[in-house]
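# What the coordinates show
Below, each chain spelled out in residue letters.
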Amino acid sequence: MILHTIDFGPVWGASGVQGFFGEGYWYHRLPFGPRFDGMTLVAKTATLDPRAGNMPLDPQTLQPKERFPKCMKVYPRAGMALNAIGLSNPGIEELLARDCWQRLTQPFFLSVAPVGKTPEQRLCEIGDFCGLVRQEVFAAPFGLQLNVSCPNTGHDFRRLIGEARAMVTVASDRLSDRGVPIVPKFNVLVPPAAVAEIADMASVSAVAVSNTVPWGELPDRINWEQLFGTTVSPLVEYGGGGLSGAPLFPLLLEWMEKARHCGFPKPINAGGGILSTSNVRALKQTGAAGISVGSVAFLRPWRVRSIIAQAHRLWRR
């Protein structure tokens, strides 16, 4: 996918699948761990100020302190996971001070999420975040993902969707002289027609769909009790969490089909439950301009290389 003359490729990582800077996680180094060659880095979502979230991080390495974080439940046989990480991060100033993004040599994406209590605070966060980024010198071109659909911020993400237009405007104004593509990220719970209205803005380069589905949503489409054997989230102490993996893929396909029929105005990077090469082919047929790879990295790590290769064959030929 080429945005502002920058080739971001047909495969993007889901935010954080390779950590903040592409450093990865301990299981990536196992013999059967995922191989990300040919995938564009999308940094783990950051916030303006430090945020503890629910996943304690080592202050030196920024790796999770827990080998198996308590705020995550993984179900490999069912091809799904539930997480309530809560955007754990040290804040954008600390992340920029490490001078890691600045030294990357391939195009990448930063990801930001607003977490303020009021719309005014959230807009200020986006503006200040972009203002800090604007002051840095990067060796490689980069884009910005506006994560307005994370279910673990403590907000009703539907309310944030209503603010997305203003967030895009603020981010674009702050970074206009840097030629940074702006890519808002939406959940499949948001109707394609509503997303299309925001995507139609001149300052939006593309959109990313989707994020995890909050616990208990779409009960007519997701049988939560059947999936988890309970009507209460296994992560209830962390707010319930968001679902990723195989149950999301049918929802993503349906969303993409609706988007195609409503004449969607911008390229779509589609992700959510991609666990096989056949999933990649199905998304190509819906008109997706590329895919994002996320939970497959720990649910089916041995398939990551073939999924990326399939996407390159389909979109690069």
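Here the structure is shown first, and the text comes after it.
Residues numbered from 1 in each chain as written. Predicted model: local features only at pLDDT ≥ 70, side-chain atom pairs only at ≥ 80, totals over all residues. Heavy atoms only, no water.

Here the focus is the overall build of the protein chain. Looking only at helices and strands, the protein chain features ten helices and 13 strands. By the compact-globule yardstick of 20 Å for 317 residues, the protein chain fits well, its C-alpha radius of gyration being 18 Å. Taken over the C-alpha atoms alone, the protein chain extends approximately 50 × 45 × 40 Å along its principal axes. Here the protein chain holds 317 residues, and the buried ones make up 56% of them. Long-range pairs, those at least 24 residues apart, make up 74% of the contacts in the protein chain with a sequence separation of at least 6. Total accessible area on the protein chain is roughly 13,500 Å²; 52% of this is exposed by carbon and sulfur atoms. For the protein chain, the centre of its 32 positive side-chain charges and the centre of its 25 negative side-chain charges are spaced 9 Å apart. (Helix = DSSP H or I, 4+ residues; strand = E, 2+ residues; numbered from the N terminus. Rg over C-alpha atoms; globule rule 2.2 N^0.38 Å. Buried < 20%, exposed > 50% of the residue type's maximum accessible area, 1.4 Å probe, protein only. Contact = heavy atoms within 4.5 Å. Areas by Shrake-Rupley, 256 points an atom, 1.4 Å probe, with all protein chains shown as cover. Lys, Arg positive; Asp, Glu negative; His and termini not counted. Charge placed at Lys NZ, Arg CZ, Asp CG, Glu CD.)

Time to look at the nonpolar core. Ranked by internal contacts, the top residues of the largest apolar core, which has 89 residues, are Trp101, Leu144 and Ile291. In this structure Leu144 touches Phe109, Leu110, Val112, Phe129, Cys130, Ala171, Leu175, Val180, Pro181, Ile182 and Val183, once residues within four positions along its chain are discounted. The next biggest cluster of nonpolar side chains, apart from the first, holds ten residues, and it includes Trp12, Val42, Val183 and Ala208. (Core = buried A, V, L, I, M, F, W, Y, C linked by side-chain atoms within 4.5 Å.)

Before going further, it helps to examine the sheet that holds strand S10 (residues 213–214). Sheets are built from strands that pair by backbone hydrogen bonding, the pairs being arranged parallel or antiparallel. Here we have four strands laid out as an open sheet, ordered S4-S5-S11-S10, and antiparallel in their pairing. The open sheet has two edge strands, strand S4 (72–75) and S10, and neither has a second partner. Summarising the sheet, S10 and strand S11 (residues 242–245) pair through two bridges and their orientation is antiparallel. Directly across from Pro214, in S11, lies its bridge partner Gly242. (Pairing = 2+ DSSP bridges.)

As a further point, take the packing of aromatic side chains. Under the defined criterion, the tally for this structure stands at 16 aromatic pairs. Ring geometry for Trp26 against Phe68: centres 5.6 Å apart, planes inclined by 80 degrees, an arrangement best described as edge-to-face. With Trp26 in the loop between strand S3 (11–13) and S4 and Phe68 in the loop between S3 and S4, this residue pair connects regions lying 42 residues apart in the sequence. Given a relative accessible area of 62%, Phe68 falls into the exposed group. Grouping aromatic residues by their ring pairs yields a cluster made of Tyr25, Trp26, Tyr27 and Phe68. (Phe/Tyr/Trp six-rings, centres within 6.5 Å; stacked < 30°, edge-to-face > 60°.)

Roughly 200 Å³ of volume is contained in the second largest pocket. Taken together, Val188, Leu189, Val190, Pro191, Pro192, Leu218, Arg221, Leu251, Glu254, Trp255 and Lys258 form the lining of the second largest pocket. It is helix H7 (residues 249–261) that provides the largest number of residues to the lining of the second largest pocket, a total of four residues. Residues belonging to the lining of the second largest pocket are distributed by class as follows: eight nonpolar, no polar and three charged. (1 Å grid on protein atoms, 1.4 Å probe; cavity = no way out; pocket = protein on both sides within 12 Å on 5 of 7 lines; lining within 4 Å. Points joined across faces, edges and corners; volume = space filled by probe spheres on them. Nonpolar A, V, L, I, M, F, W, Y, C, P; charged D, E, K, R; others polar.)

What follows concerns the pattern of salt bridges. One pass over the full model with this rule turns up nine salt bridges. For Arg103, the salt bridge goes to Asp99, with nearest N and O atoms at 3.5 Å. Since its relative accessible area comes to 34%, Asp99 is described here as partly exposed. Note that Glu163 is salt-bridged to Arg122, the shortest N-O span being 2.6 Å. You can see Glu163 sitting in the loop between helix H3 (157–161) and helix H4 (164–175) and its partner Arg122 sitting in helix H2 (residues 119–134), a full 41 residues away along the chain. The network of salt bridges with common partners includes Arg221, Glu254 and Lys258. (Salt bridge = Lys/Arg side-chain N within 4 Å of Asp/Glu carboxyl O.)

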